[in-house]
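These are the residues of each chain, in order.
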Amino acid sequence: MSAPSSSLPLFDDRVLADPYPSYGGLRGSGAAVLLEEYGVWAIPRHADIAAILKNPDVFASEGGVALTALANQEILAGTVLASDGAQHAKLRRVLSKQLAPRAMTALADRIAVRAEQLVTQHTASGRFDAVALARHMVCDTVLELMGLPDADREVLAGAPATFDVFGPHNARFEQALPLAARVVQALHEHLVREKVPAQSWMGAIFEAVDAGQIAESDAIPLASAYTAASIDTTVLGLADCLVQLAQHPEQWQILRRDPTRWAVPAFHESLRLEAPIQGFGRLLTQATDIGGVHLDAGEQIWLLYGSAGRDDRRWGDDADTFDIRRPCNHQHLAFGGGPHLCAGIPLAEIQAGAVLRALAARCAHLTLDGEPVRVLNNLLRGYSAAPLAVELTPRPASSGMSARPAEACQQGSVT
Ligand code: HEM
């Protein structure tokens, strides 16, 4: 039998605008489907992606995380995202203490205060842009943690472009190259020893250089991976969650009745449905079978995180439904898995949880106030603007009615 293949133009605007029917088609075609236009194998099903992520010896990030050789060899080489084995572990270790759940718990109160202030400020008129609120929250937090509290936001304005360069050599890729280079250049200018406090991500990176744990030349690529990875992803994920809640008033009321319980599950449910990073690549170091499809060493695969979240084999017949009480929805693959599992999950959860709780305390109703504007990016999914309207009233007392009985999660969690 010949291997499944498809002429799907995965990175064309038309598909990016609504990729889910195409993902469904790919999942139906096979465990690995050759995308003829790009010469890469799409992996559309949750179970296969989860297994691949845990097997970095066969499915390498180095040389394969982006679709073009230019991006893999000249832009990403040596970064935490695009390295494997000992080099990856060495880079990942540098910031693990700063990003560990314990460090994040210590930050939680400050982040909650920031969320309350920003929510009050943004919702004062009864109308706000969910993306602007999310961006304000995330940029303030990340720039402070990075050690650049007063930095010009323009430093990061090109950050979505850094995700376009992971895609195929299309017009978006061409436009993104100079913007991505400018972001790195700006980081070189701003992230210097004299400007950043010792108690910051960048301070920790310089400390690792001084201790001989990493090379001086690793410092900025490592910092850029963290700034790029932490901002647009969380902004898009949080703004999308607000849009979903505005589109599903009954879900907003469930959250409002018990925000402590449902804020973070609501965030995970929107990440499952609308993964901010829709896919990443891997390179095969040896020949292997994926669900009965034979692939040779040297071939590239594209892990469709956005498709995994809609896979009815994993999520059931209502996989396309937004339900914040869905059991174990944190087991989605929007944060990847295995050794490259997102390093910022606790930070993303704390920020999103704080904003959702602050909104729940202040807004009785949340509705769309216009059509959200979609971002078209080779990797990212989300909105560049999402106008919402709120009705400001006190929060009702918790009724406990919203609670679902706890259900045991299946094995194989990515967290
Ligand atoms: C909703 C928010 C976020 C999403 C959806 C997200 C998504 C992801 C995904 C899918 C990966 C895996 C890459 C792969 O498969 O190769 C990843 C890795 C990573 N993420 Fe996140 N991320 C988010 C927030 C953050 C934050 C807040 C940080 C802050 C530090 C962060 C830092 C990183 C880093 C450093 C990596 C690379 C890890 C490695 O290669 O070892 N991310 N993220």
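The coordinates are above.
Everything numeric here is computed off the predicted structure, so don't read it as measured data. (Residues numbered from 1 in each chain as written. Predicted model: local features only at pLDDT ≥ 70, side-chain atom pairs only at ≥ 80, totals over all residues. Heavy atoms only, no water.)

Remarks on the packing of aromatic side chains
Tallied over the full model, the rule gives 7 aromatic pairs. Judged by centre distance (6.0 Å) and plane angle (65 degrees), the ring pair of W201 and Y226 falls under edge-to-face. Taken as a pair, W201 in helix α11 (residues 201–210) and Y226 in helix α12 (residues 219–247) lie far apart in primary sequence, 25 residues in all. In this structure Y226 comes out as buried when scored by relative accessible area, which is 9%. Ring pairing ties together the aromatic residues F163, F166, F280 and Y305, which thus form one cluster. Note that R310 overlies the ring of Y20, its terminal NZ or CZ placed 3.6 Å from the centroid. Geometry around W315 places R314 over its ring, the cationic atom sitting 4.1 Å from the centre. (Phe/Tyr/Trp six-rings, centres within 6.5 Å; stacked < 30°, edge-to-face > 60°. Helix = DSSP H or I, 4+ residues; strand = E, 2+ residues; numbered from the N terminus. Buried < 20%, exposed > 50% of the residue type's maximum accessible area, 1.4 Å probe, protein only. Lys NZ or Arg CZ within 6 Å of the ring centre and 35° of its normal.)

Here's the deal with the site of the ligand
Neighbouring the ligand are 27 residues; H88, R92, Y305, H340 and C342 lie closest to it. Interatomic distance of 2.5 Å between a side-chain N/O atom of Y305 and an oxygen atom of the ligand. In the model, an oxygen atom of the ligand is placed 2.6 Å from a nitrogen or oxygen of the H340 side chain. For the shell around the ligand, the secondary structure elements donating two or more residues are α5 (85–94), α12, α14 (259–273) and β6 (280–284). Looking at the shell around the ligand residue by residue, the classes come out as 18 nonpolar, 7 polar and 2 charged. (Near = heavy atom within 4 Å. Polar contact = N/O pair within 3.5 Å; in protein donor to acceptor, adjacent residues only side chain to side chain. Nonpolar A, V, L, I, M, F, W, Y, C, P; charged D, E, K, R; others polar.)

Considering the coordination of the iron atom of the ligand
One donor from the polypeptide reaches the iron atom of the ligand: C342 (SG), at 2.3 Å. Within the secondary structure, C342 is located in the loop between α16 (312–315) and α17 (345–362). (Donors = N, O, S within 2.8 Å, 3.2 Å for Na, K, Ca; no water.)

Topic: the sheet that holds strand β13 (residues 387–392)
With antiparallel pairing, 3 strands are arranged side by side in an open sheet as β5-β13-β10. Each having just a single partner strand, β5 (127–129) and β10 (363–368) make up the two edges of the open sheet. Put simply, the sheet's adjacent strands are angled 30 degrees from each other on average, direction ignored. Sheet topology note: the β5/β13 ladder contains 3 bridges and is antiparallel. Bridge pairing in β13 links D129 to P387. Running over the sheet, α17 touches β5, β10 and β13 and is turned about 110 degrees from β10. (Pairing = 2+ DSSP bridges. Axes fitted to C-alpha atoms, helices over the stretch in contact; angles between N-to-C directions. Contact = heavy atoms within 4.5 Å.)

Looking at the pairing of strand β9 (residues 300–303)
With burial as the criterion, each face of β9 is covered, one bearing Q300 and W302 and the other bearing I301 and L303. Across 3 bridges, the pairing between strand β3 (residues 40–43) and β9 is parallel. From the neighbouring strand, I43 faces β9, where its bridge partner is L303. Bridge analysis of β6 against β9 gives 4 bridges, and the strand direction is antiparallel. In the strand pairing of β9, L283 is matched with Q300.

So, the sheet that holds strand β2 (residues 33–35)
Taken in spatial order, the 6 strands make up an open sheet running β1-β2-β3-β9-β6-β4, and their pairing is mixed. Looking along the sheet, the strands with just one partner apiece sit at the ends: β1 (5–6) and β4 (59–60).

Observations concerning the pairing of β13
Sheet analysis places β10 next to β13, joined by 5 bridges and oriented antiparallel. What sits directly across from C363, in β13, is L392.

A word on the packing of helix α13 (residues 249–257) against α14
Contact geometry for α13 and α14: axes closest at 6 Å, N-to-C directions at 135 degrees. The angle between α13 and α14 places the two elements in the oblique class. Residues I254, L255, R256 and R257 of α13 form the contact with α14, whose own contacting residues are P259, W262, A263 and A266. Here the residues of the contact of α13 with α14 are counted per class, giving 6 nonpolar, no polar and 2 charged. (Parallel < 35°, antiparallel > 145°, perpendicular 65-115°, else oblique.)

Considering the packing of helix α10 (residues 171–190) against α12
When two helices pack together, their arrangement is given by the angle between their axes and by how far apart the axes lie. Contact geometry for α10 and α12: axes closest at 10 Å, N-to-C directions at 115 degrees. The hand of the α10/α12 crossing is right-handed. On α12, the residues that touch V184, L187 and H188 of α10 are I220, S224 and T227. Considered class by class, the residues forming the contact of α10 with α12 number 3 nonpolar, 3 polar and no charged. (Left-handed = near helix turned anticlockwise from the far one by under 90°.)

Some words on the side chain of S224
With respect to the helices and strands, the residue S224 is situated in helix α12. A relative accessible area of 17% means that S224 is categorised as buried. Other than its neighbours up to four places away in sequence, S224 contacts L187 and A229.

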